[in-house]
Amino acid sequence: MIHSNNHSQSLRSSLLKYSFIVLFFILIGKLYFIQVEAHGRYIALAEKQHWIGKEIPAKRGEILSSDGFPLATNVPAYLVFAVPREVENIDDTASKLIEIIGYESTIKKEDLDEEQLKEKLDEEKKQHVDEMKDLLSQKDLLYMPLAYKQDESTKSKIEEANLKGIYFEKDYKRSYPEGEMASHVLGFVGKNDRGEDQGYYGIEGFYNGELKGIAGRIALEKDALGRPIPLGNYLPVGSDDGRDIVLTINRQLQYLIEKKLEAGVKKYDARDGTVIIMDPQTGKILAMASYPNYNPATWQDYLKDYSDKKDEELTDKEKLAKKYGKKLFPNLAVADVYEPGSIFKPITMSIALETGKITEDTKIESAPYPISGYTISTWNNKYFGLSTPAEILQHSDNTGMARVSEAITLEPFYNYILDYGLGKITGINLEDEDTSWIKDLDDWMSVDLATAAFGQGISVTPLQMMQSYTAFINNGKMVTPYIVEKIKTTDASIEFTSPSEKQVISPETAKKIVDMLVSVVEKGEFKFAVLPGYKIAGKTGTAQIAVNGIYDTRQTNCTFIGFAPAADPEFLMIVKLTRPTASTYSAETAVPLWMDIAKDLFVYYGVAPLN
Amino acid sequence: MIKKVSDSLMRRKLMHQELNKKSTVFFDLPKGLLALTVIMISAQVLLSNIFGVKGAELVKLDEEQNSLMHEKTVLENQISELSALSRIEKECQENLSMKKIDKNVVYISDQAVASLK
């Protein structure tokens, strides 16, 4: 009996001992699993419990005019997001959110009676509410963005509705205080494929990298109550706000030319128009405008389809959207490649003078010029016999220019037009700058040379023409145009000046061309439109537009480029109107508009008339 | 014999003293440690509390700063919009009854003004 009890005790003791050993190994195994196998997961869980994470959005840099006024700035906005598992009443939350945030209706109201319209609108609203419900129903997601860039009032309304599981994340929305002003220079901010803010066109596009900045993140260790521990671990990755960009644009001049250009395009019934004002000594762009323009803050509105609506039902903005669509966005001053016409003649004349093929006293025949089976004539079929180079320019004589080009010969002409910067971009810091392609020297025919001499058969942008004319003003040195004055960094600023100067022609040739351009204004075909008392140098250009390979006399590009006062210019300005129908001649369209703007510029610069 | 007894007594006395000494060390050390631990825990609690309160204050100040920055941005934006040239022109025309001048305005040089006098 005693033996039996001892045996039972020994068995229990062994069982207990082995149980402990087994439990010990289970414990060791579990510890191994936690510390080795599932290490990453538990670290993540622990960090989630111990850390407060917070994203710090980077503020997009501002774009300022030369007087420091913000042309593009930021206004606080909010991203509305949901934590779906916290949303209590999905139906109610979805319908309230749709009510507050709203949506763009696509219902076409015509051909619908009141009842049908109401029915359609209800149906559309239900569709949006259902879409919202779908977003809120995704309970396995912790974060569901619902609406971007909502303003303060929308946020307040949502807060007042007291919806469970709906939160806000601070963000910024781009704002353009001057509205449409300088829209083509500025560009706009949209979203890229990853849903991030991205600049398109103009400065917003070209300097997107500098402007956007880098979002930061802050991580603070928290205590059991969720409060941050000041001496705990602190992992800040500060946001780097975007850099501010100061432009050379003079706000007053920009406003002035935009008003005048809009009036001019409407008055002469042109398809579009461009004006650029430059400081010719430095290459600084003081104002640059194209019309029609757009409001960069609401750029999406211009892409909507208004094709089935009548013009009477549309607002001015909708009419522009219907007529131009996305063609509104490119900056015509740098992206519109066109045949310049007669404003190119002074360049040809300067090459002839520079190469010594003519002098200012050379007599050039003004008469029909036959070449390769064609006959080149003057724009008005008037001929003046033997003319000086100045007279050729005054009469804008194509036949005289063709003869001048013949004297120059192809190779020097080709090399000089490359020196003048044709065929390559000016390098201005705007995203949409374009240029024409100049064909290889071997591909030029004699007729190409003759027509290029008076600006047909070659293409330029308005800004390229401006750049070429700076050579006449600066004793033969051509300056590079620029539009960014400085980029402000947090502790300093990077200043810009004209990146380069290039001697294209001699000072003597440049002076001769300036004198000729003064005579063009004083004695040319448009002398009656000129402002009295001011010494202005300039040249008109009326270039026919090729339609299906044939030049159409009823469709022209009208340009006037000039500077004043001629002896020491305050400004160089180009005015270009595309396809004006009120008149097809520059003298009756671009010149009056140029003079109208110049009149105000003289007052602005304090230039008194000579008499 | 007497010497042996006295040696034995002396040894016992020394052993007793040694034992007493050991027991003093045995009982005094935990008391000191205990006091030190209590002081350290109290300090830890106190400091944690202070840091916790300061942390909450910092969070509050951070929120206040954010809110003021937000207000500043909104106000700056309003200023920009109100001082936009198109708005100034509109206000001048609508509220101050200012009109555009139809006639030509020209700048007159100082000499011309002097000759008029």
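Rules behind the numbers
Residues numbered from 1 in each chain as written. Chains lettered and ligands numbered in written order. Predicted model: local features only at pLDDT ≥ 70, side-chain atom pairs only at ≥ 80, totals over all residues. Axes fitted to C-alpha atoms, helices over the stretch in contact; angles between N-to-C directions. Helix = DSSP H or I, 4+ residues; strand = E, 2+ residues; numbered from the N terminus. Parallel < 35°, antiparallel > 145°, perpendicular 65-115°, else oblique. Left-handed = near helix turned anticlockwise from the far one by under 90°. Contact = placed C-beta atoms within 7 Å. Nonpolar A, V, L, I, M, F, W, Y, C, P; charged D, E, K, R; others polar. Pairing = 2+ DSSP bridges. UniProt positions renumbered as here; feature names shortened; annotations may be inferred. Expected span 1.5 Å × (residues − 1). Buried ≥ 20, exposed ≤ 12 C-beta atoms within 10 Å, placed from the backbone. Domains from an automatic or database assignment.

A. Seen up close, the packing of helix α3 (residues 90-101) of chain A against helix α4 (residues 114-136) of chain A. Residues and elements named next belong to chain A. Put simply, α3 and α4 touch, their axes get as near as 8 Å, and they point 125° apart. Comparing the axis directions of α3 and α4 gives the class oblique. The handedness of the crossing between α3 and α4 is right-handed. Residues Ile90, Asp91, Thr93, Ala94, Ser95, Leu97 and Ile98 of α3 touch α4, and the partners they reach there are Lys125, His128, Val129, Met132, Lys133 and Leu136. Residue composition of the contact of α3 with α4, by class: seven nonpolar, three polar and three charged.

B. Quick peek at the pairing of strand β21 (residues 537-547) of chain A. Residues and elements named next belong to chain A. As judged from the 11 bridges shared by β21 and strand β22 (residues 550-564), these two strands associate in the antiparallel manner. Among the inter-strand pairings, Val547 is bridged to a residue of β22, identified as Ile550. Where β21 folds back onto β22 in an antiparallel hairpin, the turn is made up of two residues, including Asn548, whose phi is positive at roughly 50°.

C. Just the UniProt feature "transmembrane region" (unreviewed entry) in chain A, in detail. UniProt marks residues 15-34 of chain A with the feature "transmembrane region" (unreviewed entry), using the numbering shown here. From the first C-alpha to the last, residues 15-34 of chain A spans 28 Å; its make-up is 100% helix and 0% strand.

D. Examining helix α9 (residues 251-267) of chain A more closely. Over its 17 residues, α9 of chain A runs 24 Å from end to end, which matches the ideal 24 Å to within 8%, given 1.5 Å per residue. Within α9 of chain A, burial applies to Arg251, Leu253, Gln254, Tyr255, Leu256, Ile257, Glu258, Lys260, Leu261, Gly264 and Val265 of chain A. Next to the buried residues of α9 of chain A lie β11 (272-279), β12 (284-291), β23 (571-578) and α19 (590-605) of chain A together with α2 (85-95) of chain B. At the C-terminal side of α9 of chain A, Asp269 of chain A shows a positive phi close to 50°.

E. Broad picture of the interface of chain A and chain B. Each side of the interface is counted separately: chain A has 24 residues, and chain B has 23 residues. Those elements giving two or more residues to the side of chain A that touches chain B turn out to be β3 (70-82), α9 and α19 of chain A. When residues of the side of chain A that touches chain B are assigned to their parent elements, the largest contribution, five residues, is made by β3 of chain A.

F. Structural context of the domain arrangement of chain A. Along its sequence, chain A is organised into domain 1 (2-52), domain 2 (75-175) and domain 3 (251-292 + 332-605). Relative placement of domain 1 of chain A and domain 3 of chain A: their C-alpha centres are 90 Å apart.

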